[in-house]
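Read off the chains here:
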Amino acid sequence: MKLTQHHYGKAKVRVMKVTRAGAEHSLKELEVSVMLRGDFDASYTRAENRLVVPTDTMKNTVYALAREKLGAETEDFGLVLGEHFLKTYPQVEQADIGLSERGWERMAVGATPHAHAFVQKDTARTFAQVACSRGGSSVESGIEDLLILKTTGSCFEGYAQDRFTTLPPTKDRIMATKLKATWAYEKRPAKYSATNGTILEAMLAAFAVNYSPSVQVTLFQMGEAALKAAPEISQVSLAMPNKHCLLVNLVPFGLDNPNEIFVPTDEPHGQIEGTVTRS
């Protein structure tokens, strides 16, 4: 028997950092995973742990380096972590660092942002995936679980049909999706957070403004918009589950329904995915 592939690490390390500038505080919360690849075969095949970095050490490293190095840029902290493991342990060939951010917004009292009170309004998270190896580093950023919807400007018709097709074509429908988008950096931007914001803004504008004959077309247009907005990225991968909003039949109650009353559904849903790259 032969061990052909392996990696191991610590997952779901939650860390929160409060940065104080006088009375005004800033808050950043991350969920971090560390996965190491390298010369660890013996720990699997011969019960030899001499080169094994304990996953508890990985957890503690996240906390200690967060104290020293964690700032506003999630991707930069991922690079700090990955490079640390490469420099500290010669048996490590690659460190894969996953980082997911829980977004906190400053709470407003009246119209004034509060100095140290925050609110978490939704489930959408930004994330980064950093891979550091002896040959170099790569950075991907993105957002997941971002629920977006428009009440018109979308249709679906002209599709293939057979005896099992019951879906009626429509020229006007609600379009809703819980977006996951990941973009790969080819060049380091001046600030990851600013470029990530520019990319997201461009994708949401494409979603809102462009008429959609299908989720597929909208996915491509959003990918195009991201690439045009940020020359630093080389590709964008999008997953757009079609969160159907079904028109309710009110005829039994003697009422019409001019695209006003819907049942939002989560399952089952269409799952549309694609990757857009530069030509």
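Read on for a plain summary of the structure.

Reading guide: rules and limits
- Residues numbered from 1 in each chain as written.
- Predicted model: local features only at pLDDT ≥ 70, side-chain atom pairs only at ≥ 80, totals over all residues.
- Heavy atoms only, no water.
- Helix = DSSP H or I, 4+ residues; strand = E, 2+ residues; numbered from the N terminus.
- Buried < 20%, exposed > 50% of the residue type's maximum accessible area, 1.4 Å probe, protein only.
- Contact = heavy atoms within 4.5 Å.
- Areas by Shrake-Rupley, 256 points an atom, 1.4 Å probe, with all protein chains shown as cover.
- Lys, Arg positive; Asp, Glu negative; His and termini not counted.
- Charge placed at Lys NZ, Arg CZ, Asp CG, Glu CD.
- Axes fitted to C-alpha atoms, helices over the stretch in contact; angles between N-to-C directions.
- Left-handed = near helix turned anticlockwise from the far one by under 90°.
- Nonpolar A, V, L, I, M, F, W, Y, C, P; charged D, E, K, R; others polar.
- Polar contact = N/O pair within 3.5 Å; in protein donor to acceptor, adjacent residues only side chain to side chain.
- Disulfide = S-S within 2.5 Å.
- Parallel < 35°, antiparallel > 145°, perpendicular 65-115°, else oblique.
- Salt bridge = Lys/Arg side-chain N within 4 Å of Asp/Glu carboxyl O.

**Re the overall build of the chain**
Each helix and strand counted, the chain has five helices and 12 strands in total. In terms of principal-axis extent, the alpha carbons of the chain reach across some 75 × 60 × 40 Å. Taking all 279 residues of the chain together, 39% fall into the buried category. Contacts in the chain between residues at least 24 apart in sequence constitute 64% of all its contacts with a sequence separation of at least 6. With an accessible surface of roughly 16200 Å², the chain has 53% of that area assigned to carbon and sulfur atoms. Between the mean site of the 31 positive side-chain charges and the mean site of the 32 negative ones, the chain shows a separation of 5 Å.

**Describing the packing of helix α4 (residues 192–209) against helix α5 (residues 215–229)**
Look at α4 against α5: their axes get within 8 Å of each other, and the N-to-C directions meet at 145 degrees. As for how α4 packs across α5, the hand of that crossing is right-handed. Only Thr218, Gln221, Met222, Ala225, Ala226 and Ala229 of α5 make contact with α4, whose side of the interface consists of Thr198, Ile199, Ala202, Met203, Ala206 and Phe207. Residues that form the contact of α4 with α5 fall into these classes: nine nonpolar, three polar and no charged.

**A look at the side chain of Ser212**
Tracing the backbone shows Ser212 in the loop between α4 and α5. The exposure class assigned to Ser212 is buried, which follows from its relative accessible area of 0%. A polar contact is formed between the side chain of Ser212 and the side chain of Thr218, at a distance of 2.6 Å. Those residues in contact with Ser212, other than ones at most four positions away along the chain, are Lys150, Gly153, Ser154, Cys155, Met175 and Thr218.

**Here we look at the state of the cysteines**
What the rule picks out here adds up to zero disulfides. Just so you know, Cys155 is unpaired, no disulfide at all, and the nearest cysteine sulfur is the one on Cys245, 16 Å from it. Assessed through its relative accessible area of 6%, Cys155 is described here as buried.

**Side note on the packing of helix α2 (residues 55–69) against helix α3 (residues 74–88)**
Relative placement of two packed helices is described by the angle separating their axes and the distance separating the axes. Two elements in contact, α2 and α3, have axes separated by 10 Å at closest approach and are oriented at 130 degrees. By the angle class used here, α2 and α3 are oblique. Here α2 runs over α3; the crossing is right-handed. Between α2, through Met58, Thr61, Val62, Leu65, Ala66 and Lys69, and α3, the contact on the second element is made entirely by Phe77, Val80, Leu81, His84 and Phe85. Residue composition of the contact of α2 with α3, by class: eight nonpolar, two polar and one charged.

**Section: the pattern of salt bridges**
Throughout the structure, instances matching the rule amount to 11 salt bridges. Here Asp56 makes a salt bridge to Lys59, at a shortest N to O gap of 2.8 Å. Of this pair, Asp56 and Lys59 both sit in helix α2, three residues apart, roughly one helical turn. Taking the relative accessible area as the measure of exposure, Asp56 reaches 38% and is therefore partly exposed. In the salt-bridge network here, residues are joined through shared partners; they are Lys12, Arg14, Glu29, Glu31, Arg102 and Arg125.

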